[in-house]
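# Examining the three-dimensional arrangement
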Amino acid sequence: MEDSTKVVAPGEPLQAARPVIVPRRKITRRLLLDRLARWIVTLGGAAIIVSILAILFVIAAGVYPLFRKPTAVLLGELATSLDSTPLAVGVDEYREIVYVVTASGVQFVSVKDGSVLPSNPLQGLRGATVVGTSGLGRGPLLLGLSDGRAIPVEVGFSVTFPDGKRRVESELTAVDPIAVDPEQHPLTRLAYASTPNGPMTAAAIGPKALILVTVKETKALIGPTTKEESRQRLTLPIEGEITSLALDGRGEDLFVGTSFGQVIRVDLRDPNDPKVADIAAATTRPGIGVSMVGFLIGDRTLIVGDAMGGVGSWQLVRADGEGQRLVKVYDFLAHTGPVVAFAPSRRDKGFVTADASGIIHIHYGTTGKTLLTLKAADVGLNAVTFAPKVDGVITVNAKGGLSQWTVENPHPEISWGSLFGKLWYEGYPAPTYVWQSTGGTDDFEAKFSLTPLIFGTVKGTFYALLFAIPLALLGALYASQFMHPTLKGIVKPTVEIMAALPSVVLGFLAGLWLAPFVEKVVPGLFLMPIITTLLILIAIFCWRFVPISVRSRVKAGTEVALLIPIVILGGWISFQLGGTIERLLLSGDYRGWLLSVLGLTYDQRNSLVVGIAMGFAVIPIIFTIAEDSLSSVPQHLVAGSLALGATRWQTALRVVLPTASPGIFSAIMIGFGRAVGETMIVLMATGNTPVMDWSIFNGFRALSANIAVELPEAPDGGTLFRILFLAALLLFVMTFIVNTLAELVRLKLRQRYRSL
């Protein structure tokens with residue numbers, strides 16, 4: 001065969017290289033494609049950034065109204081032609097008709113022009129005048145008369161829409177008067193409650209004396225309801241005189257304010273033997289008189305106002321080994337003068353107080369905050385009321401002048417303290433963190449502390465990573481540095497397939513199969529790491545005594561397959577031994593032993609189950625990224641270490657592992673992000689109880705699971721709806737901060753090991 005290769009002789013000139021001639025049309029097309037690709041990539045990146053910012057904007061827009069300051073606008077001031085000094089005021093839910101209690105009864109006034117609307121005169125006065133009222137907005141209104149009698153009345157409003165226009169008409173219903181005081185003292189201070197057993201009336205008939213009228217109603221299956229009326233006169237051991245009364249809706253406790261600054265609780269649980277149960281100094285300074293007492297909705301929180309303008313909330317707290325006692329919960333912004341009027345909200349724990357100078361404060365009982373301060377034009381304020389929809393405040397002064405404000409405050413229960421701090425809720429012995437968004441009664445007080453949810457998110461992530469990181473990293477280190485390539489080609493894809501399992505499937509298995517199984521073998525489960533490790537060490541030690549002819553048949557890097565039966569045997573021994581230990585040392589019931597000795601309760605769906613299930617979901621991500629990072633370490637570093645006499649373990653731990661640390665750190669952070677945002681496993685494998693307890697045997701509620709559970713039932717635009725948006729924003733911020741810190745650390749580690 002002829003060789004056509006040209007051999008250049010020394011000194012012979014070489015032929016100059018000629019540039020490749022590419023057609024202009026081809027170059028132009030390539031440039032256009034490059035430019036188009038650059039535009040598409042740039043546009044795609046910008047679209048992703050804009051989408052993320054848009055999502056963040058939508059979430060922030062949903063959260064913003066929670067922290068918007070409440071506002072109030074004065075709608076107007078009206079002069080009315082009432083026949084006497086007002087004692088109390090109320091309004092319908094559309095704020096079209098105001099009813100005012102005066103000496104002649106109840107008068108209705110139009111909010112539009114201040115005219116007094118025609119109404120039927122109050123029956124049963126018989127020449128007496130109204131001198132006192134019970135609290136408004138808590139069922140029937142009781143009017144105290146000057147002759148010792150009292151008339152229960154119902155003020156209602158009917159709404160119709162003739163010709164498409166709303167028409168509000170007032171209704172006044174009165175029943176037969178109650179002869180409260182046979183000696184006919186004027187009833188200027190009285191309280192009334194419609195209890196489940198019948199109406200109850202308390203009225204002051206002297207400086208230290210009051211009278212209690214109880215009507216016990218007995219309903220028969222056949223025939224009319226029978227009523228049994230009893231009347232008791234009480235003389236209280238107080239200093240000063242009675243200034244105000246408040247009776248809870250259950251008829252269990254009567255609270256009496258005195259001119260000496262005390263609040264006395266009279267226990268009425270035994271109607272035949274009422275007794276003084278508690279005396280508390282409730283005013284700003286000792287000796288300053290109590291000017292008003294009243295309940296918030298639910299009749300659990302008592303509001304006390306004094307002659308120096310102080311306003312405080314009190315609750316009955318049951319101490320260990322003692323009965324209930326009055327405890328002050330909050331002090332609110334004080335008035336400059338005596339508190340003369342009080343009105344609770346009918347929808348939440350808000351209330352309004354006013355002094356005679358025309359200063360009105362809007363407070364919220366749960367948070368202890370004063371939300372707004374209003375100023376009426378005229379002094380001599382007599383009464384104040386909250387609109388039924390909590391969207392307005394109406395006051396009336398001694399001359400009958402009405403002032404009306406519209407109030408914009410849709411989320412009064414929200415503050416930084418209520419979301420992230422401890423609050424003293426009704427019925428609780430001390431301030432605490434609570435998430436409880438719904439309840440069974442209208443008096444329920446929603447509790448929106450996000451702290452238990454943040455705690456649950458961190459707790460679930462911690463136990464999941466505690467299970468996943470050691471297994472994933474050690475597996476990745478072994479697979480990259482010691483495992484035979486053939487076996488690695490089977491193991492790694494198998495582990496990666498685990499990542500494709502839907503989390504809902506893992507949650508389903510965890511909730512319905514794993515949780516009951518773990519409950520049966522908890523002692524053995526804790527023995528498994530110890531027993532299995534011992535068996536593996538024993539197996540490795542015995543491996544040395546196996547003949548070389550046998551050992552040589554096992555390929556290097558496939559020895560791990562021989563440990564599979566050892567691990568299975570270790571699990572079986574652990575479960576058997578766990579049952580034995582439970583019978584001999586744990587009284588045959590480890591759950592009872594945990595409760596009696598360690599004070600821990602065992603929930604079937606707990607953090608241990610979530611740690612295993614969520615760890616199973618996180619392991620593939622950490623394993624794959626860490627293994628890729630370890631396998632990418634330059635081979636010249638490994639070869640150099642081995643050439644210098646280091647063993648394979650020394651090379652893996654001191655050369656490969658530090659060099660791959662940026663990738664390993666990224667793997668852990670991505671696993672952390674997966675665990676933080678995991679929803680379905682947490683939702684199905686835990687009890688979703690928002691408790692703050694690090695016990696591995698208790699459940700928890702995470703932010704993501706809480707959003708999934710409560711968002712479908714949250715009213716659009718309501719407080720719960722917006723708080724769930726805030727929870728999503730917290731998840732976003734947590735993930736952003738963790739990823740940013742992880743990236744900074746990863747860049748620093750990469751820069752550190754770049755020179756290797």
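Refer to the structure presented above.
Model, not experiment: these values are computed from the prediction.

## Brief notes about the pairing of strand 13 (residues 209–218)
Each regular strand shows side chains that alternate between the opposite faces of the sheet. Buried residues dominate strand 13, accounting for seven of its ten residues. The sheet contact formed by strand 12 (residues 198–204) and strand 13 spans five bridges and is antiparallel. Residue Thr201 lies in a different strand from strand 13, and its bridge partner there is Val213. Between strand 12 and strand 13, which pair antiparallel in sequence order, lie four residues. Examined bridge by bridge, strand 13 and strand 14 (residues 226–235) share ten bridges and lie antiparallel to one another.

## Quick look at helix 11 (residues 635–643)
Residues of helix 11 that are buried include every one of Leu637, Val638 and Ser641, and no others. Along the long axis of helix 11, the arc covered by the buried residues comes to 95 degrees, so they all point the same way. Residues of helix 11 that are exposed and point more than 90 degrees away from the buried face comprise Gln635, His636 and Ala643. Backbone geometry just downstream of helix 11 places Gly645 in the positive-phi region, at approximately 100 degrees.

## Side note on unusual backbone geometry
Positive phi, normally seen in glycine, also occurs at Gln184, with a value near 65 degrees. Mapped onto the secondary structure, Gln184 falls in the loop between strand 10 (178–179) and strand 11 (190–195). A positive phi angle is found at Ser587, which is not glycine, with a value near 60 degrees.

## Some thoughts on the sheet that holds strand 1 (residues 71–78)
Judged by pairing direction, the sheet is antiparallel, and its four strands sit side by side in the order 1-29-28-27 without closing on themselves. Of all the strands in the sheet, the pair left with one neighbour each is strand 1 and strand 27 (381–386). Averaged over all pairs of adjacent strands, the angle between strand axes in this sheet comes to 20 degrees, irrespective of strand direction. Across five bridges, the pairing between strand 28 (residues 392–397) and strand 29 (residues 402–408) is antiparallel. Bridged to Thr395 within strand 29 is Ser403.

About the thresholds
Residues numbered from 1 in each chain as written. Predicted model: local features only at pLDDT ≥ 70, side-chain atom pairs only at ≥ 80, totals over all residues. Heavy atoms only, no water. Buried < 20%, exposed > 50% of the residue type's maximum accessible area, 1.4 Å probe, protein only. Helix = DSSP H or I, 4+ residues; strand = E, 2+ residues; numbered from the N terminus. Pairing = 2+ DSSP bridges. Arc of directions from axis to C-beta. Axes fitted to C-alpha atoms, helices over the stretch in contact; angles between N-to-C directions.

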